[in-house]
Amino acid sequence: MSSSDIFIGETIGTAILILLGGGVCAAVTLKASKARNAGWLAITFGWGFAVLTAVYTSAPLSGAHLNPAVTLALAIKDNVWDNVATYFGGQLLGAMIGATLVWVAYYGQFQAHLTDKEIVGGPGAQATATKAVEAQEKGAGPVLGVFSTGPEIRNVVQNLATEIIGTIVLVLAILTQGLNDNGNGLGVLGALIVALVVVGIGLSLGGPTGYAINPARDLGPRIVHALLPLPNKGGSDWGYAWIPVVGPLIGAAIAAGIYNVAFA
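Cut-offs applied
Residues numbered from 1 in each chain as written. Predicted model: local features only at pLDDT ≥ 70, side-chain atom pairs only at ≥ 80, totals over all residues. Heavy atoms only, no water. Helix = DSSP H or I, 4+ residues; strand = E, 2+ residues; numbered from the N terminus. Rg over C-alpha atoms; globule rule 2.2 N^0.38 Å. Contact = heavy atoms within 4.5 Å. Areas by Shrake-Rupley, 256 points an atom, 1.4 Å probe, with all protein chains shown as cover. Lys, Arg positive; Asp, Glu negative; His and termini not counted. Charge placed at Lys NZ, Arg CZ, Asp CG, Glu CD. Salt bridge = Lys/Arg side-chain N within 4 Å of Asp/Glu carboxyl O. Buried < 20%, exposed > 50% of the residue type's maximum accessible area, 1.4 Å probe, protein only. 1 Å grid on protein atoms, 1.4 Å probe; cavity = no way out; pocket = protein on both sides within 12 Å on 5 of 7 lines; lining within 4 Å. Points joined across faces, edges and corners; volume = space filled by probe spheres on them. Nonpolar A, V, L, I, M, F, W, Y, C, P; charged D, E, K, R; others polar.

**Let's talk about the overall build of the protein**
- Counting secondary structure elements, the protein contains twelve helices and zero strands.
- Beginning at the N terminus, the succession of helices and strands in the protein can be written as α-α-α-α-α-α-α-α-α-α-α-α.
- Computed over C-alpha atoms, the radius of gyration of the protein comes to 18 Å, within 12% of the 18 Å expected from 2.2 N^0.38 for 264 residues, which places it in the range of a compact globule.
- By its C-alpha atoms, the protein is 65 × 35 × 30 Å across when sized along the principal axes.
- Looking at the protein alone, contacts between residues at least 24 apart form 78% of all its contacts between residues at least 6 apart.
- Just so you have it, the protein exposes about 11300 Å², and 65% of that area is on carbon and sulfur atoms.
- Counting 11 positive and 13 negative side-chain charges, the protein places the centres of these two groups 12 Å from one another.

**Re the pattern of salt bridges**
- Evaluation of the coordinates by the stated rule reveals five salt bridges.
- Between Lys-31 and Glu-118 there is a salt bridge; the shortest N-O distance is 4.0 Å. Of this pair, Lys-31 sits in the loop between helix H1 (3-29) and helix H2 (40-62) while Glu-118 sits in helix H6 (residues 117-120); the two residues are 87 residues apart in sequence, bridging distant segments of the chain.
- Lys-77 serves as the salt-bridge partner of Asp-78, at 2.9 Å between the closest nitrogen and oxygen.
- With a relative accessible area of 37%, Asp-78 lands in the partly exposed category.

**Re the layout of surface pockets**
- Of the pockets and cavities examined, the second largest pocket occupies roughly 250 Å³.
- Along the wall of the second largest pocket there are 15 residues; nearest its centre are His-65, Val-80, Asn-83, Tyr-87 and Asn-184.
- Contributions of two or more residues to the lining of the second largest pocket are made by helix H3 (68-78) and helix H4 (84-105).
- With four residues, H3 is the single largest residue contributor to the lining of the second largest pocket.
- For the lining of the second largest pocket, the per-class residue count stands at eight nonpolar, five polar and two charged.

Dropping the structure here:
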């Protein structure tokens, strides 16, 4: 795989991942969406199908890492670091493109949601003060969850541990079950296995933090949230933003170490 193939494949694949994954979050969250309040099952399966679609699309070009944690784990596993920066760059750019496309697809719903007094508060919102306060808590705006993750209980050690544990499960599944014959990305059957693992992680471990398990998936859309001209969007919660970046990278390194000791 050439550097250009890797960059293009990761950009396209990660854009699809975030478009469909962020899209299901938007569908469940935003007012005037037909899927509003569809719930956690819809989100977890939506992200699983997002992974499946993105992997099948990008695998022929880049091996479909789509996640800096996966790229890091493979680099540690094989001690090959040549294209790590190229993978990271494509993944971050793709995540930002995907998040922007979610905003385009749900533009009217974002406008309706963020001008509704039940959501953002203001005069006449007496009966919905709880929602208005919740939206502003800790600097996280009312639609930030469409773009990036956040904890239900803010505890740095627990939040970091949750992301580390979830990523270990994901990366071990990829390294033991998901790689293609060359070992440099996901294979055809591996893509299905990994998509189901992502659903499982979401159902079992997603409750505390929203299971980023992918630094680009969280950081790229968070940057887009900060840049988009969304009315009453609130903060992007940068105080928390390091956890879904550092946690998955630590988890990936641990998983690669486990693999090299126990399976290689």
